[in-house]
Amino acid sequence: MTFHIDFKGEKVIPVRAGQTVLDASLAAGIPHYHACGGKGQCTTCRVLVLHGKEHLSPLSSYEKTIKTVRKFPDNVRLACQSFVTGEGVQVQRLIKDDTDRYIFINGAEESSLTEVMGVRRKLALFFIDIRNFTPFIESHLPFDVIHIMRRIFTLVRNAIDHYGGQIIDTAGDGLYAVFGLDSKIRKATEAAVLAGIKILEDIKIFNNTYMRPYFHHAFEVGIGVHVGKVIYGNVGIGLNNNLTVMGYPVNVAARLQAATKELNNSFIISERAYGLLRNPPYAPDAALLNLKGVSKALEVRLIGKPYEHGVAGETPA
Ligand code: FES
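Cut-offs used in this document
Residues numbered from 1 in each chain as written. Predicted model: local features only at pLDDT ≥ 70, side-chain atom pairs only at ≥ 80, totals over all residues. Heavy atoms only, no water. Bend = angle between axes of the 7 residues up to and from the residue. Helix = DSSP H or I, 4+ residues; strand = E, 2+ residues; numbered from the N terminus. Contact = heavy atoms within 4.5 Å. Expected span 1.5 Å × (residues − 1). Buried < 20%, exposed > 50% of the residue type's maximum accessible area, 1.4 Å probe, protein only. Arc of directions from axis to C-beta. Phe/Tyr/Trp six-rings, centres within 6.5 Å; stacked < 30°, edge-to-face > 60°. Lys NZ or Arg CZ within 6 Å of the ring centre and 35° of its normal. Pairing = 2+ DSSP bridges. Salt bridge = Lys/Arg side-chain N within 4 Å of Asp/Glu carboxyl O. Patch = residues over 30% accessible without salt bridge, like charges linked within 9 Å, V, L, I, M, F, W, Y side chains within 5 Å. Areas by Shrake-Rupley, 256 points an atom, 1.4 Å probe, with all protein chains shown as cover. Lys, Arg positive; Asp, Glu negative; His and termini not counted. Charge placed at Lys NZ, Arg CZ, Asp CG, Glu CD. Core = buried A, V, L, I, M, F, W, Y, C linked by side-chain atoms within 4.5 Å. Axes fitted to C-alpha atoms, helices over the stretch in contact; angles between N-to-C directions.

Q: Teacher, can you tell me more about helix α7 (residues 185–215) here?
A: Counting along an α-helix, one turn takes 3.6 residues, and residues three or four places apart therefore face a common direction. Approximately 45 degrees is the largest bend angle found in α7, and it occurs at Asn207. His216 lies just past α7 and shows a positive phi near 50 degrees.

Q: I tried to follow the environment of Val178 on my own but got confused; where do I start?
A: In this fold, Val178 is placed in strand β8 (residues 174–179). Taking the C-alpha atoms as reference points, Val178 and Ile160, 18 residues apart in sequence, are found 8.9 Å from one another. Val178 has contacts with Leu123, Ala124, Leu125, Gly165, Gln166, Ile168 and Val245, leaving out every residue within four places of it along the chain.

Q: How should helix α6 (residues 142–162) be read in this particular structure?
A: The end-to-end C-alpha separation of α6 is 30 Å, in line with the 30 Å expected for 21 residues at 1.5 Å each. Among all positions in α6, only Asp144, Val145, Ile148, Met149, Ile152, Leu155, Val156, Ala159 and Ile160 are buried. What you see down the axis of α6 is that its buried residues fit within an arc of 140 degrees, all on one side. Along α6, the residues that are exposed and aim more than 90 degrees away from the buried face are Pro142, Phe143, Arg150 and His162.

Q: Looking at this model, I keep getting lost on the packing of aromatic side chains. Mind explaining?
A: The geometry of an aromatic ring pair is captured by the separation of the ring centres together with the interplanar angle, meaning the angle of the planes. Per the stated rule, a full pass over the model turns up 9 aromatic pairs. Here the aromatic cluster, defined as three or more aromatic residues joined through ring pairs, consists of Phe133, Phe136, Phe206, Tyr210, Tyr214, Phe215 and Phe219. For Arg151, the ring lying beneath its charged end belongs to Tyr210, and the centroid distance is 4.2 Å.

Q: Would you mind showing me how to read the pairing of strand β13 (residues 298–302) here?
A: If a strand is regular, its side chains alternate between the two faces of the sheet. Among the 5 residues that make up β13, 4 are buried, leaving the element largely enclosed by the rest of the structure. When strand β11 (residues 267–270) meets β13, the two strands line up antiparallel, connected through 3 bridges. By the bridge assignment, Ser270 is partnered in β13 with Val300. In this structure, strand β12 (residues 285–289) lies alongside β13, joined through 5 bridges in antiparallel fashion. Of the residues in β13, the one forming a bridge with Leu289 is Leu298.

Q: Just to check I follow, could you spell out the pattern of salt bridges for this structure?
A: Under the counting rule described, the total for this entry stands at 7 salt bridges. We note a salt bridge from Glu63 to Arg77, for which the minimum N-O separation is 2.8 Å. Taken together, the residues Glu63 in helix α2 (residues 61–70) and Arg77 in strand β4 (residues 76–78) connect sequence positions 14 residues apart. Assessed through its relative accessible area of 8%, Arg77 is described here as buried.

Q: It is not clear to me how the environment of Glu54 should be interpreted in this structure. Could you clarify?
A: Looking at the element boundaries, Glu54 is found in the loop between β3 (46–51) and α2. Separated by 32 residues in sequence, Glu54 and Gly86 place their C-alpha atoms 8.4 Å apart.

Q: How should a positive patch on the surface be read in this particular structure?
A: Where like charges cluster on the molecular surface, the positive patch consists of Arg120, Lys122, Lys229 and Arg272. Within the fold, Arg272 resides in helix α9 (residues 271–274).

Q: What exactly am I supposed to notice about the nonpolar core here?
A: Soluble globular proteins: nonpolar side chains tend toward being buried together. Core analysis: the biggest nonpolar cluster contains 41 residues, and Phe126, Ile148, Ile152, Phe179, Ile199 and Ile269 have the highest contact counts within it. Those elements that provide at least two residues to this core are β6 (119–130), α6, β8, α7, β9 (221–234), β11 and α9. For this core, the leading source of residues is α7, giving 12 residues. In contact with Ile269, not counting residues within four places along its chain, are Val193, Val225, Leu256, Tyr274, Leu277, Val300, Arg301 and Ile303. By size, the runner-up hydrophobic cluster in this structure holds 24 residues, among which are Phe3, Ile13, Val76 and Val91.

Q: Help me understand the sheet that holds strand β1 (residues 2–7), please; the structure alone is not making it clear to me.
A: Read from one edge of the open sheet, 5 strands run β2-β1-β5-β3-β4, paired in mixed fashion. With one partner strand each, in any of the chains shown, β2 (11–16) and β4 form the two edges of the open sheet. Recorded for the sheet is a direction-independent mean angle of 40 degrees between the axes of neighbouring strands. Sheet topology note: the β1/strand β5 (residues 89–93) ladder contains 3 bridges and is parallel. Along β5, the bridge assignment pairs Phe7 with Val91.

Q: In this structure, what is going on with unusual backbone geometry? I would like to understand it.
A: Leaving glycine out, the prevailing phi sign among residues is negative, and the prevailing peptide bond configuration is trans. Even without being glycine, His216 reaches a positive phi, approximately 50 degrees. Along the chain, His216 falls in the loop between α7 and β9. With a relative accessible area of 62%, His216 lands in the exposed category. The residue Asn264 is not glycine, and still its phi comes out positive at about 50 degrees. By the secondary structure assignment, Asn264 is in the loop between α8 (248–262) and β11.

See the structure below:
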């Protein structure tokens, strides 16, 4: 019996009974990498199964071992170990040229291949910035600056970790994180807001118990939260395999964080994010925010507090 398999973006090919997916693709002229010669040991033949995984043979013992060791997700199969048992299977080759080979084999012995390939998902996007760090930098020793920066970032990271978020990047005296990689968007949004509230409270305690007594300084932060569909994936090339999150909602979240200054409120979330909260902190003020290149203003909620020491970041007396 002969079935067919669709190699996405390449061709639909016939697969005879007893023929592996790799045998069939090579017979059809697809330049399918198979470094170990089809022995189930190199994984260069692996494919992402987009449709019809139920019409592929069960995992071979090689695949079971590799899946455990390399933590491959369920939708990745070794073409040299898979047989087709029905119609409707669509796959995508993961290693198509030498650059792919470098990225996938030498560069990124990844923990999750789906992350490497990119995933579109609705996430809660969280931006935070320390408001008045520059005056502190200018009037203190480098050692103190780095030490205090570490203290604050530890405090922020602990809150984000506690509520299940993941830090994506840091830049200067700010960072951004996402919530929802392992949870639904409603829960993720609540977690992002709770993390933000905890950070505001912890910063207040840190100011009162440490910064004011020892440095005569107090920090304030600005936080922005938005939700939206973004693409995340690992775009590392072997030097720095970090998760990256891309999409317009990321820009919106960054804009909300920046707007904490002009709206004089330490925590701003979009109306869309606010609408997902089951237990909003309280009935906060609303405002409209203009976004660059967008004619309709964005509705936002101010769930933080006005800045105690002004919005320009001046050092308190
Ligand atoms: S060709 Fe090496 S695992 Fe399939």
